[in-house]
Amino acid sequence: MSVAEAEPAAREEAGGRAADGLPAASVPESVRILVAGVLPSVVRGLFSPRRRAMRWLTALNTDRRAVRTLSGIRDRHPGQGVRLLGGRIVVLWGPDALREVLDRSADLYASDAGAKAKGMSHFQPDALTLSRGEEWRDRRAFNEHVLATSERVHPFGDRFLTVVADEVGRLRLDGELAWPDFERLFDHVTLRVIFGDGAREDHELTDLLEELMAEANRLVGLKESDEYHEFYGRLERRLREPEPGSLIARFAEAPQTDTTRVVQQIPHWMFAMRDTLGANAYRALAVVVADPAVEGRVRDELAGADLGDPAAVAGVGYLEGCLVEAMRLWPTTPLLAREVTRDTELAGEQLEEGTQVMILNGFNHRDPEAVADADRLRPERWSDEARDYRFNHLSNGSQDCPGGPMVLFLGKAVLARMLERFRLRLAEPELETGEPLPHMLDFFRIRFDAEEAR
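> Any chance you could explain the packing of aromatic side chains here in plain terms?
On inspection of all chains with the given rule, the structure shows 15 aromatic pairs. For the pair W179 and Y282, a centre-to-centre distance of 5.4 Å together with 55 degrees between the ring planes defines the contact as tilted. You can see W179 sitting in helix α9 (residues 179-195) and its partner Y282 sitting in helix α12 (residues 262-290), a full 103 residues away along the chain. Of the two residues, W179 and Y282, neither departs from the other in class, the shared state being buried.

> Can you walk me through the pairing of strand β2 (residues 89-92) in this structure?
Looking down a regular strand, the side chains alternate between one sheet face and the other. Burial of the side chains of β2 extends over both faces: I89 and V91 are buried on one face and V90 and L92 on the other. Examined bridge by bridge, strand β1 (residues 81-84) and β2 share four bridges and lie antiparallel to one another. Each residue of the ladder has a partner; that of G81, found in β2, is L92. Here β1 folds back onto β2 in antiparallel fashion, the turn holding four residues, of which L85 has a positive phi close to 50 degrees. Bridge count between β2 and strand β8 (residues 356-360): four bridges; the pairing is parallel. Of the residues in β8, the one forming a bridge with L92 is I359.

> When you look at the pattern of salt bridges in this model, what are you seeing that I'm missing?
Pairing between side chains of opposite charge can happen when the charged atoms of each approach one another. By the definition in use, this model includes 48 salt bridges. When the shortest N-O distance is used, the salt bridge between D126 and R139 registers 3.8 Å. Remark: R139 occurs in helix α7 (residues 133-147) and D126 occurs in the loop between α6 (114-120) and α7; sequence separation between them is 13 residues. Of the charged contacts, one joins R274 and D275 as a salt bridge, the two residues approaching to 2.9 Å between their closest N and O atoms. By relative accessible area, which is 25% here, D275 ends up partly exposed.

> Before we go on, may I ask you to explain the layout of surface pockets in this structure?
Over the atoms rolls a probe the size of a water molecule, and in doing so it shows where empty space is left. There is about 870 Å³ of room inside the second largest pocket. Taken together, 32 residues make up the lining of the second largest pocket; nearest its centre are E320, W382, E385, R387 and L408. Residues belonging to the lining of the second largest pocket are distributed by class as follows: 13 nonpolar, eight polar and eleven charged.

> Which parts of the structure should I look at to understand the packing of helix α10 (residues 203-216) against helix α11 (residues 226-240)?
Two quantities define a packed helix pair, namely the angle between the axes and the distance from one axis to the other. One can describe the packing of α10 onto α11 by two numbers: an axis separation of 10 Å at closest approach and a directional angle of 145 degrees. In this structure, α10 meets α11 at a crossing whose hand is left-handed. Along its contact with α10, which presents E204, L205, L208, L209, E211 and L212, the element α11 presents E227, Y228, E230, F231, R234 and L235. Each residue belonging to the contact of α10 with α11 can be placed in one class, and the counts come to seven nonpolar, no polar and five charged.

> Looking at this structure, how should I read the nonpolar core?
Soluble globular proteins: nonpolar side chains tend toward being buried together. F182, F195, I266 and F448 are the most contacted members of the largest nonpolar core, which totals 101 residues. Excluding its chain neighbours within four sequence positions, the residues that come into contact with F182 are L177, G278, A281, Y282, L285, V414 and M418. One finds L98, V101, L108 and Y389 within the second-largest nonpolar core, a separate group that totals 16 residues.

> I keep staring at the side chain of S131 and nothing clicks. Help me out?
Here S131 lies in the loop between α6 and α7. Of the polar contacts made by the side chain of S131, one reaches the backbone oxygen of A127; its length is 2.8 Å. Polar side-chain contacts of S131 include one of 2.8 Å to the side chain of R139. When neighbours within four sequence positions are excluded, S131 is seen to be in contact with A106, D126, W136, R139 and Q399.

> I would appreciate a short explanation of the side chain of D202 in the present structure.
By the secondary structure assignment, D202 is in the loop between α9 and α10. Setting aside chain neighbours within four positions, we find D202 in contact with L191, R234 and R238.

> Just to check I follow, could you spell out the sheet that holds strand β9 (residues 422-428) for this structure?
The strands making up a sheet are joined through hydrogen bonds of the backbone, oriented either antiparallel or parallel. Within the open sheet, the three strands sit side by side as β4-β10-β9. Their pairing is antiparallel. Of all the strands in the sheet, the pair left with one neighbour each is β4 (176-178) and β9. If you compare each strand with its neighbour and ignore which way they point, the axes differ by 30 degrees on average. Packed on one face of the sheet, helix α17 (residues 404-421) meets β4, β9 and β10 (447-452) and runs near 100 degrees to β9.

Rules used throughout
Residues numbered from 1 in each chain as written. Predicted model: local features only at pLDDT ≥ 70, side-chain atom pairs only at ≥ 80, totals over all residues. Heavy atoms only, no water. Phe/Tyr/Trp six-rings, centres within 6.5 Å; stacked < 30°, edge-to-face > 60°. Helix = DSSP H or I, 4+ residues; strand = E, 2+ residues; numbered from the N terminus. Buried < 20%, exposed > 50% of the residue type's maximum accessible area, 1.4 Å probe, protein only. Pairing = 2+ DSSP bridges. Salt bridge = Lys/Arg side-chain N within 4 Å of Asp/Glu carboxyl O. 1 Å grid on protein atoms, 1.4 Å probe; cavity = no way out; pocket = protein on both sides within 12 Å on 5 of 7 lines; lining within 4 Å. Points joined across faces, edges and corners; volume = space filled by probe spheres on them. Nonpolar A, V, L, I, M, F, W, Y, C, P; charged D, E, K, R; others polar. Axes fitted to C-alpha atoms, helices over the stretch in contact; angles between N-to-C directions. Left-handed = near helix turned anticlockwise from the far one by under 90°. Contact = heavy atoms within 4.5 Å. Core = buried A, V, L, I, M, F, W, Y, C linked by side-chain atoms within 4.5 Å. Polar contact = N/O pair within 3.5 Å; in protein donor to acceptor, adjacent residues only side chain to side chain.

So, in structure tokens, the structure goes:
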């Protein structure tokens, strides 16, 4: 059985309903999908989440509305997805179509086109995630080497654990843990892991990236700015004398050419670690301590683990499941967008060059018919290592996250040290034990009562 406990065959075949195809949604249905499934993602910020927007979207429970809207339309249009507005946009939910698109995202279904790609180009125009063809192969090889994609534990895993232990040890909480505390923790961890200990206080570097990403949220009227050149100038200076044990110290031995544009690969690591992993780990911490049974099981697992041993941290499977479940339940990337680069066929339907293909993670991760216990924390769901293309918190296929193993390793290390050092009680919001988890969990507003564990 797959990690999703895939939808039963009865659903695909009952009443003679076809499992393939991309039926056309009506104009009203198309508008409902765009308003419920796409617009909230734009409002909250495609690159840098807007605090005020997150608060209002959470109050409106827009993710729950999206799941209900898409569920109803999917039930009326069985197949791999639907075509909107005369086929100019396709929204996918079927695993076969998802696999086809994601496996060919470096070529046929490109991520380097469309509005989202234009926004991302504002701060990392030559990043791996915006590459295709030979450029993608070149940059992917570089990223995989530096991030040690094929290894469960990064070669610098020992040092990473030292950094995490030191930063958690430096936390000074006055009876409360709030998002700014956790964000500052990840700010320091990110700078030290990527650039070395000497970069710990280089907050101007992360501030510049944050400013560029906030500008990219506009999607229109973007142009190179003084901040862009200052940001890349600071990165270039960091590369001149890389500290041993930092990610940039692995550049010298990594495969690279003039096409690689090594400095352009760094921003994605920065926000993926500082912002994305930080938010995911903070939510995971909330759901762990909100349920005494879950917290007890995590603490039992950690009681026998040496948190200074990379192999031991890599092996805490239940805690990893909690982190991945938080990523599934509240994906920080609510949608993936691709553009067809040449005429093709998908799920038996002809797609023209330029067709926009959208994968709505907010729906696919919580699809009540396709995902068992979709609204509940089930860490054991991830004990099966088979990939399910419905779940794209770290993406899948050719554009999956090359830093996936490192992300999980660092996230577990931070969570383990936080639970070791502090006794935490979730103060806000209230998550009722045994009840389905909410569709939205605004990490800006999560707050814990905190006291030293020893």
